[in-house]
Every structure is written in structure tokens, then in C-alpha cells.
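Remarks on the overall topology
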Amino acid sequence: MHGAEHLLEIFYLLLAAQVMAFIFKRLNQPVVIGEVLSGILVGPALLGLVHEGEVLEFLAELGAIFLLFMVGLETRLRDILAVGKEAFLVAVLGVAFPFVGGYFYGLEIGFQTLPALFLGTALVATSVGITARVLQELGVLSRPYARIILGAAVIDDVLGLIVLAVVNGVAQTGQVEVGAIARLILLSVVFVGLAVFLSTLIARLPLERLPVGSPLGFALALGVGMAALAASIGLAPIVGAFLGGMLLSEVREKYRLEEPVFAIESFLAPLFFAMVGVRLELAALASPAVLLAGGVVTVIAILGKVLGGFLGSLTQGVRSALTVGVGMAPRGEVGLIVAALGLSAGAVNEEEYAIVLFMVVFTTLFAPFALKPLIAWTEKGRAAKE
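Residues numbered from 1 in each chain as written. Predicted model: local features only at pLDDT ≥ 70, side-chain atom pairs only at ≥ 80, totals over all residues. Heavy atoms only, no water.

1. Focus on the packing of aromatic side chains
Under the convention used in this document: Here a Phe, Tyr or Trp ring, Trp counted by its six-membered ring, pairs with any other such ring whose centre lies within 6.5 Å, and the pair is stacked when the planes are under 30 degrees apart, edge-to-face when over 60, and tilted otherwise. The way it works is that DSSP assigns letters per residue, a run of H or I at least four long becomes a helix, a run of E at least two long becomes a strand, and they are numbered from the N terminus. Three exposure classes are used, based on accessible area relative to the maximum for each residue type with a 1.4 Å probe and protein chains only: buried under 20%, partly exposed in between, and exposed over 50%.
If you walk through the whole model with that rule in mind, you get five aromatic pairs. Between F66 and F69, the aromatic rings sit 6.2 Å apart at their centres with planes inclined by 90°, giving edge-to-face as the arrangement. Taken as a pair, F66 and F69 lie in helix α3 (residues 54-73) at a separation of three residues, close to a single helical turn. Note on F272 and F273: the rings are 4.9 Å apart at their centroids and 65° apart in plane angle, and the pair reads as edge-to-face. Assigned by exposure class, F272 and F273 land together as buried.

Here it is as C-alpha cells:
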């Protein structure tokens, strides 16, 4: 009966996600928002038909992995390298501004040094899944601003982990763990370097001659393998999946990889976004103090990323630079993981955790709503120039 319960929960999630996606598409709004709201609808916050559990969490993780694997398939490595300077600047500034803003605001409202550091850290890392879905939905993944966002998200993840390692080390031992940070940086550089090296090799590799069942089977194994390798060194699995997709981007048409991978993504990705909604503890947001502080932290979180993205990619023009900044705004599950670590270490209390939860909810909902008209405005300017 245990398996039947899980199947029923998956059915509720998929049905609600599809119905809400249909409604939001008819309203000409981002589908991803409907999928997140579907999780709130069937989750503990409202109907209580679906609850968090290991099976659903794992399927949601697979959904994020296949979403970014599909995005990687549609993104050539040379296109990312072409905007590498802008992507690096966007990532660095987009980490620095929110961290400093969150830290000093935490001190201003009475947080001790350690909770203020965790607050700043929770504002650092972008959750690119939301933005990637909007870019994919609007068919603009090939645009330079989209490539900057995706490239910056990879660097952002590495920088976010370094900041988290520093703050977590201070929480656990009272000092900065230099050795652990150096190891993390080295492994991250080696991992990305390996992806760059393999991209030229796989482009020339005759997949049909390999001792595998099919080129598609090889592609799926590579994508999941890269995600697992990224997770094993401390990076987000979606970073590995994205790089795995890019490795195959040069051969995707030759082996017709897009359609079958898209079919898998179409099943799993809505589960990922619906589970974002299921996880949201709306009751924790009821306190007036949380609402006020959470609102200010959300503004700092959004402005920090928008300013970092804008200044880092201004060479692409004002419209594209604004699109990059807004595209980097969602925090998603990354901020919650940071806050949960602080909670388990005793560095963050329940109210401080709820403030981060508020920020996560509203940055997640803000980005798709803001991105759609912003991309339309950017594309209009692009068409006028052409």
C-alpha cells in the first residue's frame, strides 16, 4: 500500500500542476508560477493531499536535474564561453551585494553576528531552475542574456558554496576552515575544466559505435552521472546536469536527443516546481515581525541580484542587463538549505528562519512575473536594432 500512496500523491501533484499550468497559460502568465501554486494547493498548507517525503523529494530533485540537462542540451559551450567575462562579473557582484546587504540589515534589526552572517549567506545563491524554465518557455535560451544567466549560475553556485563553507565553519568551530575551502575551490575548477575538455571529445565521438544500448541511453547516463559527480564534490546536482547537457549539445540533432529528453523533463520538472509549493510553510509567515523583516530582506535580495546582474552585463545593453539581473533573483531551495543549516547549528532561531522563508517565497514568485514582460521588452529592442 506504501507504493500506492506515493503513486496517488504523484497523481495529485501532476494533475494539479497541469490544471494550474493550463490556467496560467490562458492568463498569459508564466506556467511555472501555476506549477508552484499547485503544490501549495494540494500540499499541507491547504488541501493536505501531498506531504514531504523521501520519494517525492527524490523525484523533485530528478525533475530539476532533467530540466537543467535539457537546458544544457540547448546551450553550446562556446556560446557560454563567449560571454564568460560578463557571466563571471554577474556572479561575483550578485554574490557580494546581497551578502553585504543581508548581513548589515541583520545587524541593524538586532541579530547577533552569526545569524546575520547566515542571513547574508541565504541571499547569495541563485536557484536557476525557475529562470531556466521561463527562458525555455519563451524560447530565448540562445540569446546572449540567457547564456550570461546560465553561465553566471554555474559560477554563482561555486561562490555560494565557498561563502557557505566559510560561515558554516565559523558556526561549527569558531574559525575559517581554509583547507576545506581550498579543496572545494580546487574540485570545482577541476570539475568545470573536465567538462570543457570532454565537450570537444564527445563532439567527435561516434555514439552509435559505443557498447551501449542506444545514444539516448548514453546521453541519459552521462547527464545523471555528471549530476552525481557534482553532488559528490559539494556542488548542486543541477550544475552537473547542465554541464552534461552542454557536452551533448553539439550532437543533439545528429542523434535526435531533444524530443525524448524533453518528454522525460515534461513529466519530472512539474513535480519539482510543485514540490517547491508543498514545502512552503505558510503558517510561519503569519507573524507581523516576520512579514516586515521578510519584506525588507526580500527587497535587499532582489535589488542585490538585479544590481549585480545589471552592472556585470551592461556591455550587452540596458534591456539585456536588466533581464540578467532579474533572472538571477530567485533563491528557491538554496536559501532554505542555508537557513536550515543555521537552524541545526543553533545559529538561527525559528523567527530568523521564517524571514528567510518569506524571502524565498517572494523571490521565487517575483522572477517569473517580472521576467516575462522584461524579456518581451528586451526582444522588442533587439528587433528594432535588427
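2. Focus on unusual backbone geometry
Of note in this structure, N28 is not a glycine but carries a positive phi near 60°. In this structure, N28 sits in the loop between α1 (2-26) and α2 (31-42). Judged by relative accessible area, which is 55%, N28 ranks as exposed.

3. Digging into helix α12 (residues 258-279)
An α-helix turns once per 3.6 residues; consequently, residues spaced three or four apart project the same way. Our working definition: The span you would expect from a helix comes to 1.5 Å times its residue count less one. By definition, a residue's bend is the angle between the axes fitted to the seven residues ending there and the seven starting there.
The end-to-end C-alpha separation of α12 is 31 Å, in line with the 32 Å expected for 22 residues at 1.5 Å each. By the largest-angle criterion, S266 marks the main kink of α12, which is about 30°, and a proline, P270, follows within four residues.

4. Things to note about the nonpolar core
What counts is decided by this rule: Take the buried residues of types Ala, Val, Leu, Ile, Met, Phe, Trp, Tyr and Cys, join any two whose side-chain atoms come within 4.5 Å, and each joined set is a nonpolar core. Any pair of residues with heavy atoms lying within 4.5 Å of one another is described as a contacting pair.
The biggest cluster of nonpolar side chains holds 91 residues, and the ones touching the most others in it are L13, L135, F242, L248 and F273. With residues near it in sequence (within four places) discarded, F242 still touches L68, F69, V71, G72, T75, I80, L150 and V154. By size, the runner-up hydrophobic cluster in this structure holds 36 residues, among which are A116, L117, V290 and M359.

5. Some points on the pattern of salt bridges
Condition: Salt bridges, as used here, are contacts in which a Lys or Arg side-chain nitrogen is within 4 Å of a carboxyl oxygen on Asp or Glu.
Within the structure shown, the criterion is met by eight salt bridges. A salt bridge links E57 to R279, with the nearest nitrogen and oxygen atoms 3.0 Å apart. One end of the pair, E57, is in helix α3; the other, R279, is in helix α12, with 222 residues separating them in the sequence. Relative accessible area serves as the criterion here: at 23%, E57 is assigned to the partly exposed category. The partner of E379 in a salt bridge is R143, and the shortest N-O contact between them spans 2.9 Å. Here R143 lies in the loop between α7 (128-137) and α8 (144-173) and E379 lies in helix α16 (residues 350-385), a separation of 236 residues in the sequence. A single salt-bridge network, built from bridges that share partners, covers R76, R78 and E250.

Everything listed here is a matter of geometry and, on its own, says nothing about what the molecule does.
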